[in-house]
Amino acid sequence: MSDRVTLQTIADHLGVSRTTISNAYNRPDQLTVGLRSQIMAAADELGYRGPSAAGRMLRTGRIGTIGLVFTADLKYVFSDPDTALFMRGVAQASASARTGLTLLPAPPGVAIEATALGTAPVDGYIVYSVSDAHPAIGAVLERNVPVVIVDEPDLGTRTSFVGIDDRAGAHIAARHVVGLGHTAVGVIVDRLSDEPERRPVPSRSWPASTIRIARARLDGYREALSAGGIDTTDVPIWEAGGNDPDSGRRAALELLHAHPELTAVLCTTDQVAIGAAEAGVSIGRSVPEDLTVVGFDDIPRASTCSPALTTIRQPLVDKGRLATELLMAQIGDGVVQRVELPIELVVRESSGPVRS
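This text gives an overview of the structure that appears in the document. (Residues numbered from 1 in each chain as written. Predicted model: local features only at pLDDT ≥ 70, side-chain atom pairs only at ≥ 80, totals over all residues. Heavy atoms only, no water.)

## Re the overall build of the chain
We count it as follows: For the purposes of this entry, the term helix denotes a DSSP run of H or I that reaches at least four residues, the term strand denotes a run of E that reaches at least two, and both are numbered from the N terminus. Think of it in three bands: with a 1.4 Å probe and only protein chains considered, a residue is buried below 20% of the maximum accessible area for its type, exposed above 50%, and partly exposed in between. Any pair of residues with heavy atoms lying within 4.5 Å of one another is described as a contacting pair. Methods summary: accessible areas were calculated by the Shrake-Rupley approach with a probe of 1.4 Å, and residue burial reflects only the protein chains presented. Neither His nor the chain termini are counted; the positive set is Lys and Arg, and the negative set is Asp and Glu. Charge positions come from single atoms, namely NZ of Lys, CZ of Arg, CG of Asp or CD of Glu.
Within the chain, the secondary structure is distributed over 12 helices and 13 strands. Its C-alpha atoms give the chain principal-axis dimensions of roughly 90 × 40 × 30 Å. Within the span of the chain, comprising 356 residues, buried residues form 50% of the whole. Intrachain contacts of the chain at a sequence separation of at least 6 include 71% that bridge at least 24 residues. Carbon and sulfur atoms provide 51% of the accessible area of the chain, an area that totals close to 16000 Å². Charge centroids of the chain, computed over 33 positive and 42 negative side chains, lie 5 Å from each other.

## Some details on the sheet that holds strand β2 (residues 100-105)
Stated formally: Two strands are counted as paired when DSSP detects at least two bridges linking them. Working convention: axes come from line fits to C-alpha atoms, limited for helices to the stretch in contact. Angles between N-to-C directions cover 0 to 180 degrees.
Reading across the sheet, the 6 strands line up as β2-β1-β3-β4-β5-β12 and stay open at both edges, with parallel pairing between neighbours. The open sheet has two free edges, formed respectively by β2 and β12 (338-340), since each of these has just one partner strand. Going from strand to strand, the sheet's axes swing by 15 degrees on average, the running direction of each strand aside. In the sheet, strand β5 (residues 160-163) pairs with β12 via 3 bridges, with the strands oriented parallel. For Gly163, the partnering residue across the bridge sits in β12 and is Glu340. The sheet strands contacting helix α12 (residues 316-333) are β1 (65-70), β3 (125-128), β4 (147-150), β5 and β12, and the helix crosses β4 at an angle near 160 degrees.

## Some words on the nonpolar core
To keep things clear, this is the line we draw: Definition used in this section: a nonpolar core is a set of buried Ala, Val, Leu, Ile, Met, Phe, Trp, Tyr and Cys residues joined via side-chain atoms within 4.5 Å.
Formed by 44 residues in total, the largest nonpolar core has its most connected members in Phe86, Ile126, Val187, Tyr221, Leu225 and Leu266. Setting aside residues up to four positions removed in sequence, Phe86 forms contacts with Leu68, Ile126, Tyr128, Val150, Leu316, Lys319, Gly320 and Ala323. Residues Ala240, Val272, Ala277 and Ala279 belong to the second largest nonpolar core, which totals 26 residues.

## Here we look at the side chain of Asn243
Operational definition: We define a polar contact as two N or O atoms separated by no more than 3.5 Å, with the added condition that, inside protein, one atom must be a possible hydrogen donor and the other a possible acceptor, whereas residues neighbouring each other in sequence contribute only through side-chain atom pairs.
As for its placement among the helices and strands, Asn243 is situated in the loop between β8 (237-239) and α10 (245-258). Of note is the side chain of Asn243, whose polar atom sits 3.4 Å from the side chain of Asp80. At 2.6 Å, the side chain of Asn243 forms a polar contact with the side chain of Thr269. Setting aside its immediate chain neighbours within four residues, Asn243 contacts Tyr76, Asp80, Asp82, Asp190, Thr269, Gln271 and Val272.

## Section: unusual backbone geometry
Backbone geometry follows two general trends: most residues other than glycine have a negative phi, and most peptide bonds adopt the trans configuration. Glu152 connects to Pro153 through a cis peptide bond whose omega is -5 degrees. Here Pro153 shows up in the loop between β4 and β5. A cis amide bond links Ser306 to the next residue, Pro307, at an omega of 0 degrees. On the secondary structure map, Pro307 appears in the loop between β10 (292-294) and β11 (311-313).

## Here's the deal with the environment of Val16
Examined against the element boundaries, Val16 turns out to sit in the loop between α1 (7-14) and α2 (18-26). Along the primary structure Val16 and Ile39 are separated by 23 residues, whereas in three dimensions their C-alpha atoms are 9.7 Å apart. Residues within four places of Val16 in sequence aside, it is in contact with Ala11 and Ile21.

## Notes on the packing of α1 against α2
Here is the rule we go by: Whether a crossing is left-handed or right-handed is set by the direction in which the near helix is turned from the far one by less than a right angle, anticlockwise for left-handed and clockwise for right-handed. The nonpolar class holds Ala, Val, Leu, Ile, Met, Phe, Trp, Tyr, Cys and Pro. Asp, Glu, Lys and Arg form the charged class, and all remaining residues, Gly among them, are polar.
Here α1 crosses α2 at 115 degrees, and the two axes come no closer than 8 Å. Every pair of crossing elements has a handedness; the one defined by α1 and α2 is right-handed. Between α1 and α2, the residues in contact are Leu7, Gln8, Ile10, Ala11 and Leu14 and Arg18, Ile21, Ser22 and Tyr25, respectively. When its residues are assigned to classes, the contact of α1 with α2 shows 6 nonpolar, 2 polar and 1 charged.

## Looking at the packing of aromatic side chains
Spelled out, the test is: Under the pairing criterion, centres of Phe, Tyr and Trp rings, with the six-membered ring standing for Trp, must be within 6.5 Å; the plane angle then separates stacked pairs below 30 degrees from edge-to-face pairs above 60, leaving the rest tilted. We count a charge as sitting over a ring when the NZ of a lysine or the CZ of an arginine lies within 6 Å of the ring centre and within 35 degrees of the ring normal.
Considering all chains together, one arrives at 1 aromatic pair under this definition. Seen from the ring of Phe296, Arg217 lies directly overhead, with NZ or CZ sitting 3.7 Å from the centre.

## Digging into the pattern of salt bridges
A side chain of one charge can pair with a side chain of the opposite charge when the charged atoms of the two come close. Put simply, the rule reads: By definition here, a salt bridge exists when the distance from a side-chain nitrogen of Lys or Arg to a carboxyl oxygen of Asp or Glu is within 4 Å.
Tallied over the full model, the rule gives 23 salt bridges. With a closest N to O distance of 3.0 Å, Arg212 and Asp166 form a salt bridge. Placement of the pair is Arg212 in helix α9 (residues 212-227) and Asp166 in helix α8 (residues 166-179), with a sequence separation of 46 residues. Exposure class is identical for Arg212 and Asp166. Each is buried. Put simply, Arg321 and Glu325 hold a salt bridge, and the shortest N to O gap is 3.1 Å. Here Arg321 and its partner Glu325 are both found in helix α12, 4 residues apart, which amounts to about one turn of the helix. Taken together, the shared-partner salt bridges in this structure form one network comprising Asp166, Arg212, Arg217 and Asp297.

Structure (structure tokens):
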């Protein structure tokens with residue numbers, strides 16, 4: 001019986017129009033609470049299973065869900081502070097838009113053909129921080145649906161884009177360090193490719209990277225240090241091999257062991273910077289008296305760790321919210337938009353003047 005029950009069956013049973021029954025499922029704000037409750041009770045009594053998703057798609061031209069693409073596993077997505085804050089913004093905006101959200105991971109070591117990127121039924125994609133050459137980009141663009149890129153890669157007018165001026169943020173951070181009198185400065189970058197490793201990186205020709213954010217932040221550091229009279233060919237750079245405090249701590253220990261003359265370390269993320277500060281303290285380098293450490297992002301822990309972290313603040317929750325709003329707008333009208341969010345230097349306890 002349930003297979004034969006339709007919206008019209010319920011309408012005839014209650015003596016109301018089919019539109020009224022449809023509103024109970026699709027536009028409940030159009031009905032009184034009492035009437036909707038009566039309709040839902042009748043549907044349950046008659047064994048109605050709910051509106052057909054295929055039918056709804058035919059009527060509206062939409063599936064009713066968007067895809068969030070990221071190139072990490074689910075464990076990282078829910079544990080990494082930056083990503084978790086971004087996803088909070090996506091979830092808030094998705095709920096406001098009454099659209100579903102499908103998580104589409106494309107983790108390292110998994111072929112794109114083995115993921116759902118090319119087949120998931122979605123109205124559009126949010127692509128979160130993907131390297132320039134990652135095959136996920138091609139898989140998404142082939143679907144010919146609206147796309148919003150967050151942070152990277154920057155595909156110009158082909159897609160909508162939400163991000164910040166990473167180069168300018170890094171320039172501000174390095175200029176702050178130079179202004180404190182530091183000339184012996186090292187750099188730790190979380191990753192330079194999709195296969196990160198902990199290692200020293202040649203700085204005489206500043207490192208190339210398939211990660212747009214890494215390139216931009218390293219360029220910003222280099223420009224500000226050069227403007228401060230520092231020969232950047234002698235600035236030691238270490239790749240941490242991951243974006244977490246443990247990776248930052250291990251990289252900083254190696255960096256400081258190889259270059260004990262350093263009085264300041266610039267880190268491309270807060271996670272790495274928190275680990276770098278811990279490393280300094282563990283070998284007897286007081287922060288900031290003996291070692292200044294500066295991060296990037298302003299995750300919640302940056303203000304609560306000890307010492308509290310000087311960093312570049314970016315609006316991570318707003319980034320997720322705005323990306324979703326731009327995607328929903330593009331799904332509606334096809335207009336591609338580009339938004340650059342504000343950044344600012346937040347000075348806390350981890351940075352101080354160089355000792356004379």
